[in-house]
Amino acid sequence: MNFLDLIKENILLGDGATGTFLQSRGLEPGGCPELMNVEKEEAVLEMADNYFKAGSDFVLTNTFGGSPFMLKKYGYEKNVEEFNRKAAEIAKSVCPENKFVFGSIGPTGEFLEPLGNVTEKEMENGFERQLNGLIEGGVDGIIFETQMAIEELVLGIKTAKRISNLPVIGGMVFDKGPRGFFTMMGISPLKAADEIYNAGGDVVATNCGNGSTIIVELAKELVENSKLPVMVQSNAGIPKIKNKKVIYDETPQFMKKNYQALIDTGVSIIGGCCGTNFDHIREFRSLINENN
């Protein structure tokens, strides 16, 4: 079963939030989520398994911060390959037939020269280490998600395409301002869609940053401007503080209405970001079943 062939004919469903689930299983605030791939394997396995059972067509590995640049902050720079490989193996071990596991790569937290002090070669080597671990662990594809700098995203996509034949999703996070949607670094949806396409990406994606109402507007812009299929993962609203806890208040039923609008817009893949859980994914599954 070929992932890219599937999205030509069907609406596919990704998974939901990672961080909130792992916190419920012992991840401390400011802790290293990727360390759980080796120290609390059962929690990471439970998460992937439950998302598949809720109806996800593919789940993401617990490797969002699995780059050498991010792991260095915790003292685990030497464990890049191990943490990424292990995360892929865990998710693949519960992956049903005709479903997929995508390796998640988040922002490095660094900027390329001349804006920052990381050379292109250093960042490319970092991507390569993370990709090698994910590929060795058996992932079916790669997703670069929540990216803000287009140069970093383009370099990541090109590196993934150079060392593998896997499908690659390129995703950025946009905010709505007075002039419309832009990333923190000033990249518009049109520019993002063009650059991801030119870099060799297979899917243009956006996630995080917005609740499901605003993301419908963003999705329309992406679908209109993209030569590639579009994937959208919304937060369950904008985070609020209640009783000293961060909460996301968009219910699965509320999001379902907006997700119908996403499907009507022509989005090929839907999923959830911060604050979404297994109940949200079940609701999205029933929505897709009504539409497919």
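Residue positions within a chain follow its written sequence, with the count starting from 1. Predicted model: local features are reported for residues with pLDDT of at least 70 only, side-chain atom pairs are reported and counted for 80 or more only, and whole-chain, interface and lining totals are derived from all residues. For side-chain calculations, the full set of non-hydrogen atoms in the structure is used, while hydrogens and water are omitted.

### Overview of the packing of helix α4 (residues 41-54) against helix α6 (residues 80-93)
All axes here are fitted lines through C-alpha atoms, helices being fitted over the stretch that makes contact, and every angle between N-to-C directions spans 0 to 180 degrees. Counting from the N terminus, the helices are the DSSP runs of H or I reaching at least four residues and the strands are the DSSP runs of E reaching at least two. Interaxial distance between α4 and α6 falls to 8 Å at its minimum, and their mutual angle equals 45°. With respect to each other, α4 and α6 are oriented oblique. You can see that α4 and α6 cross each other, and the crossing is right-handed. For the pair α4 and α6, contact is made by Glu 41, Val 44, Leu 45, Ala 48 and Phe 52 and by Lys 86, Ile 90, Ala 91 and Ser 93, respectively. We call Asp, Glu, Lys and Arg charged. Ala, Val, Leu, Ile, Met, Phe, Trp, Tyr, Cys and Pro are nonpolar, and the rest, Gly among them, are polar. Its residues placed into classes, the contact of α4 with α6 shows 6 nonpolar, 1 polar and 2 charged. What sets the label is the angle itself: under 35 degrees gives roughly parallel, over 145 gives roughly antiparallel, 65 to 115 gives roughly perpendicular, and the rest give oblique. Each crossing gets its handedness from the near helix: less than a right angle anticlockwise from the far helix is left-handed, clockwise is right-handed. Note on contacts: a residue pair qualifies if any of its non-hydrogen atoms lie within 4.5 Å across the two residues.

### A short note on the sheet that holds strand β8 (residues 203-207)
Between any two strands, at least two bridges found by DSSP are needed for them to pair. Reading across the sheet, the 8 strands line up as β1-β12-β9-β8-β5-β4-β3-β2 and stay open at both edges, with parallel pairing between neighbours. With one partner strand each, in any of the chains shown, β1 (12-13) and β2 (58-60) form the two edges of the open sheet. Bridge analysis of strand β9 (residues 230-234) against strand β12 (residues 269-272) gives 4 bridges, and the strand direction is parallel. From the neighbouring strand, Val 232 faces β12, where its bridge partner is Ile 270. Contacts from α4 reach β2 and β3 (100-105), with the element oriented near 155° to β2. With respect to the sheet, helix α8 (residues 150-163) is in contact with β4 (141-147) and β5 (168-172), its orientation differing from that of β5 by roughly 170°.

### As for the nonpolar core
Judged by nonpolar contacts, the single largest core of 68 residues is most densely connected at Ile 142, Phe 144, Leu 262 and Ile 270. A per-element tally of this core places α4 first, with 7 residues. For our purposes a nonpolar core is just a set of buried Ala, Val, Leu, Ile, Met, Phe, Trp, Tyr and Cys residues, chained together by side-chain atoms within 4.5 Å. The classification of residues rests on relative accessible area computed with a 1.4 Å probe and restricted to protein chains. Under 20% of the type maximum is buried, over 50% is exposed, and intermediate values are partly exposed. Of all hydrophobic cores here, the second largest spans 14 residues; its members include Phe 3, Phe 58, Phe 102 and Ile 169.

### A short note on the pattern of salt bridges
When a carboxyl oxygen of Asp or Glu is within 4 Å of a side-chain nitrogen of Lys or Arg, the pair counts as a salt bridge. Inspection of every chain in the model, using the stated rule, returns 20 salt bridges. Measuring nitrogen to oxygen at the nearest pair gives 3.5 Å for the salt bridge that ties Arg 85 to Glu 89. Within this pair, Arg 85 and its partner Glu 89 are both found in helix α6, separated by 4 residues, close to a single helical turn. Residue class for Arg 85 comes out partly exposed when judged on its relative accessible area of 26%. Its relative accessible area of 34% is what places Glu 89 among the partly exposed residues. The salt bridge partner of Glu 283 is Lys 256, with a shortest N-O separation of 3.3 Å. Taken together, the residues span a long stretch of sequence, with Glu 283 in helix α12 (residues 278-291) and Lys 256 in helix α11 (residues 252-265) at a distance of 27 residues. The exposure class assigned to Lys 256 is buried, which follows from its relative accessible area of 18%. Ionic contacts of the salt-bridge type, sharing partners, join the residues Lys 121, Glu 124, Glu 128 and Arg 162 into one network.

### Thoughts on α12
Think of an α-helix as turning once every 3.6 residues; residues three or four places apart then point the same way. Helix span, as expected, comes to 1.5 Å for every residue beyond the first. In this model, α12 (14 residues) spans 20 Å end to end at C-alpha, consistent with the 20 Å of a helix rising 1.5 Å per residue. Along its buried surface, α12 packs onto β1, α2 (19-24), α4, α11 and β12. Residue Asn 277 occupies the N-cap position of α12, its side-chain oxygen lying 2.9 Å from the main-chain nitrogen of Asp 279. Definition of a polar contact: a pair of N or O atoms within 3.5 Å, with one able to donate and the other able to accept a hydrogen when the atoms are protein atoms, and with sequence-neighbouring residues admitted only if both atoms are side-chain atoms.

### As for the environment of Phe 3
Mapped onto the elements, Phe 3 comes out in helix α1 (residues 3-9). Distance from Phe 3 to Gly 141, taken between C-alpha atoms, is 8.6 Å for residues 138 residues apart in sequence. Residue contacts for Phe 3: discarding those within four places in its chain leaves Leu 12, Phe 58, Phe 100, Phe 102, Pro 167 and Ile 269.

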